[in-house]
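Single-letter residue listing:
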Amino acid sequence: PIDIVWLDKDKKVIYIAKNVSPDGGEDTRFRPKSAARYVIELPAGTVDSKAIVVGRTAVFEIDESAVKP
């Protein structure tokens, strides 16, 4: 299982799905109520162990040279 975290353009957590089975089938869909720019998959339990909550801002940098237009 995995935890999935959706972030907006400002890297703020807008939606979280915990302990999701990757083979949940096509009937299982998760989507935030607002637009997301980033979707991060983490090992199950990471959201709880790292105290990730909606509204918190993630800190990371993106190598823009690796991003194709």
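This text goes with the structure placed above it.
Since the structure is predicted, the reported quantities are computational estimates derived from the model, not experimental observations. (Residues numbered from 1 in each chain as written. Predicted model: local features only at pLDDT ≥ 70, side-chain atom pairs only at ≥ 80, totals over all residues. Heavy atoms only, no water.)

What follows deals with the layout of surface pockets. By volume, the largest pocket amounts to about 190 Å³. Surrounding the largest pocket, 13 residues form its lining, V5, V13, I40, I52 and A58 being those nearest its centre. Counting residues per element, the ones that place at least two in the lining of the largest pocket are β1 (2-7) and β3 (38-43). Of the residues in the lining of the largest pocket, the class split is 9 nonpolar, 2 polar and 2 charged. (1 Å grid on protein atoms, 1.4 Å probe; cavity = no way out; pocket = protein on both sides within 12 Å on 5 of 7 lines; lining within 4 Å. Points joined across faces, edges and corners; volume = space filled by probe spheres on them. Helix = DSSP H or I, 4+ residues; strand = E, 2+ residues; numbered from the N terminus. Nonpolar A, V, L, I, M, F, W, Y, C, P; charged D, E, K, R; others polar.)

A few words on the sheet that holds strand β2 (residues 13-20). Across the sheet, which stays open at both edges, the 3 strands sit in the order β2-β1-β3 with antiparallel pairing between neighbours. Only two strands of the sheet have a single neighbouring strand rather than two, namely β2 and β3. Taken pair by pair, the neighbouring strands of this sheet meet at an average axis angle of 15°, ignoring direction. The pairing of β1 with β2 spans 5 bridges and is classified as antiparallel. When the bridges of β2 are listed, V5 appears paired with I16. (Pairing = 2+ DSSP bridges. Axes fitted to C-alpha atoms, helices over the stretch in contact; angles between N-to-C directions.)

Our focus in this paragraph is unusual backbone geometry. Phi is positive for N19, close to 55°, though the residue is something other than glycine. Here N19 is to be found in strand β2. Unlike most non-glycine residues, A51 shows phi in positive territory, near 55°. Relative to the assigned elements, A51 resides in the segment after α1 (46-49).

Everything listed here is a matter of geometry and, on its own, says nothing about what the molecule does.
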